[in-house]
Amino acid sequence: MARKTPHKPLVWLPACHRNLDLSDPGGYSVLGDRYAAAVTALGLQPVLFPMAEAEDVPCLLPLVDGVLLTGSPSNVEATHFGATALATDLLDPRRDKLTMRLVREALVGGVPLFGVCRGLQEMNVALGGSLYQVVHGEAGMLDHREPESEDLAVQFAEAHDVLLEAGSAFAQWAGGTRARVNSLHGQGIKRLGEGLIAEARAPDGLVEGVRVAGAQGFAYGVQWHPEWHHEQHPFYERTLQAFASACREARRVKDAEPEGRSAPG
Ligand SMILES: N[C@@H](CCC(=O)NCCCC(=O)O)C(=O)O
């Protein structure tokens, strides 16, 4: 019987699907290096199942120790929350179909789950919530988009405060009930999904940080990007370290299981 070889905790980062080169209309499955680099810096191993579909989730999920739902310029298709997609929407239906299933299965299985930007929105929609399709078009709401013409350091610079629920993990990670975060999104949470607790809000009231009530393990989502220069931003770093600790614990439990427990067939 093959002996188990302990390895770094594996973290599933779902691919984005883009047509990057019109000379190859077949398209590409891509992952932002920023997310993979942050996962690696945490001592974890990023994994990408580029062709994974919703039906593959029950078989693939037991192979990993955490799920990080990355951001993407594409929008969650509005049909997933009972609205009509905008003609201007950049869509990624393969990503949507996968993550709608992946969120629910990760929660059922107690697999550490962390949603970032689009990933937060995917968590919300997968749990029955809805999104503002154009946050800055809503009365009283800020423009949460990044200055696209600026360089990345400006795009990912701190843009607004978030007010954190006293006693929440967010407040613990921030060392208080207020923090500065970056902001690179045009959609945002409108109606909270089932079981989601709002624990961080922008000054305009937009929900920007959630916890999944009653989750077996780590289950959080944020609208901002904690992967950006996290080593220099204590709030971002502590958030990511908490996710990493949860993934390491998941790996430890699996490594402690009696040998002979086969991987899913
Ligand atoms: N398209 C959605 C989500 C925005 C988002 O995830 N931004 C990150 C972009 C940078 C990256 O690709 O990581 C919206 O506009 O709300």
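It should be emphasised that the depicted structure is a prediction, and the values quoted were computed from it without experimental measurement.

Caption draft 1: Inspection of the pattern of salt bridges at higher detail. In the structure shown here, the tally under the stated rule is 13 salt bridges. Here Glu122 and Arg118 are joined by a salt bridge, their closest N and O atoms 2.5 Å apart. Taken as a pair, Glu122 and Arg118 lie in helix H4 (residues 118–126) at a separation of four residues, close to a single helical turn. On the basis of relative accessibility, which here comes to 0%, the residue Glu122 falls in the buried class. Judged by its relative accessible area of 1%, Arg118 falls in the buried class.

Caption draft 2: Expanded view of the site of the ligand. Taken together, 15 residues are adjacent to the ligand, and Arg34, Tyr35, Ser72, Asn75 and Gln187 come closest. Note that a nitrogen atom of the ligand is positioned 3.1 Å from one of the backbone N or O atoms of Leu184. At a separation of 2.9 Å, an oxygen atom of the ligand approaches a polar backbone atom of Gly186. Considered on its own, the ligand offers 430 Å² of accessible surface; in the complex 86% of this is hidden by protein. When atoms are counted within 2 Å of each cavity's grid points, the one that captures over half of the ligand is the largest pocket. When residues of the shell around the ligand are traced back to their parent elements, those giving at least two are helix H1 (33–41) and H4. For the shell around the ligand, the class distribution of residues is four nonpolar, nine polar and two charged.

Caption draft 3: Geometry of the packing of aromatic side chains. A full pass over the atoms with the stated rule returns twelve aromatic pairs. Ring geometry for Phe156 and Trp228: centres 4.5 Å apart, planes at 15°, overall stacked. In this pair, Phe156 is assigned in the loop between helix H5 (152–155) and strand S8 (160–164) and Trp228 in the loop between strand S13 (219–222) and helix H7 (234–256), connecting sequence segments 72 residues apart. The residues Phe156 and Trp228 share a single accessibility class, namely buried. Between Trp224 and Phe235 the ring centres are 5.6 Å apart and the planes differ by 40°, which places this aromatic pair in the tilted class. Here Trp224, found in the loop between S13 and H7, pairs with Phe235, found in helix H7; they are eleven residues apart in sequence, far enough to count as distant. Under the relative-accessibility criterion, Trp224 is labelled buried at 0%. An aromatic cluster is present here, built from Phe114, Phe170, Trp173, Phe218, Tyr220, Trp224, Phe235 and Phe243 joined pairwise through their rings. Residue placement shows Arg34 over the ring face of Tyr35; its charged tip is 4.9 Å from the ring centre.

Caption draft 4: Expanded view of the sheet that holds strand S4 (residues 45–47). Taken together, nine strands build an open sheet; the order of strands is S4-S1-S5-S6-S13-S12-S11-S8-S9 and the sheet is mixed. In this open sheet, the two edge strands, each paired with only one partner strand, are S4 and strand S9 (178–181). With direction set aside, neighbouring strand axes in the sheet form an average angle of 25°. Relative to S13, strand S6 (residues 113–116) is paired through four bridges, and the arrangement is parallel. From the neighbouring strand, Val116 faces S13, where its bridge partner is Val222. Where H1 meets the sheet, its contacts fall on strand S1 (10–12), S4, strand S5 (66–69) and S6, and the angle it forms with S4 comes to roughly 145°.

Caption draft 5: Quick look at the side chain of Ser74. Checked against the element boundaries, Ser74 lands in the loop between S5 and helix H3 (93–109). For Ser74, a relative accessible area of 3% gives the class buried. At a separation of 3.0 Å, a polar atom in the side chain of Ser74 contacts the side chain of Ser72. Separated by 3.0 Å, the side chains of Ser74 and Arg118 make a polar contact. Residues contacting Ser74, with those up to four places away along its chain left out, are Leu90, Leu91, Asp92 and Arg118.

Thresholds, definitions, all that
Starting afresh in each chain, residues are numbered from 1 along the sequence in its written order. With pLDDT at 70 or above as the cut-off, local features in this predicted model cover only qualifying residues; side-chain atom pairs require 80 or more to be listed or tallied, and sums for whole chains, interfaces and linings still use all residues. In computing side-chain properties, one takes all heavy atoms of the structure into account and sets aside hydrogens as well as water. We define a salt bridge as a side-chain nitrogen of Lys or Arg found within 4 Å of a carboxyl oxygen belonging to Asp or Glu. Only DSSP runs of H or I reaching four residues or more are called helices, and only runs of E reaching two or more are called strands; each is numbered from the N terminus. Buried residues are those whose accessible area, probed at 1.4 Å on protein chains only, stays under 20% of the maximum for their type, while exposed residues exceed 50% and partly exposed ones sit between those limits. The near set for a molecule or strand comprises every residue that places at least one heavy atom within 4 Å of it. Each polar contact in these results corresponds to two N or O atoms within 3.5 Å; when the atoms are within protein, one needs to be able to donate a hydrogen and the other to accept it, and residues that are neighboring in sequence are counted only if both atoms are side-chain atoms. For the accessible areas, the method is Shrake-Rupley and the probe is 1.4 Å, while residue cover comes only from the protein chains on display. Grid points spaced at 1 Å and placed over the protein atoms alone form the basis of the search, with a cavity being a set where a 1.4 Å probe fits but cannot get out and a pocket an open set showing protein on both sides within 12 Å along at least five of seven lines. Lining residues have an atom within 4 Å of a point. More than half of a molecule's atoms within 2 Å of the grid points is what it takes for that molecule to sit in a cavity or pocket. Only Asp, Glu, Lys and Arg are considered charged, only Ala, Val, Leu, Ile, Met, Phe, Trp, Tyr, Cys and Pro nonpolar, and every remaining residue, Gly among them, polar. Planes of paired rings set the category: under 30 degrees apart is stacked, over 60 is edge-to-face and the rest tilted, where pairs are Phe, Tyr or Trp rings (Trp by its six-membered ring) whose centres lie within 6.5 Å. For a lysine, the NZ atom is tested; for an arginine, the CZ atom; a charge sits over a ring if that atom is within 6 Å of the ring centre and within 35 degrees of the ring normal. When DSSP finds at least two bridges between two strands, those strands are taken to pair. A fitted line through C-alpha atoms serves as each axis, taken over the contacting stretch for helices, and the angle formed by two N-to-C directions is quoted from 0 to 180°. Throughout, a residue-residue contact means that at least one pair of heavy atoms, one from each residue, lies within 4.5 Å.

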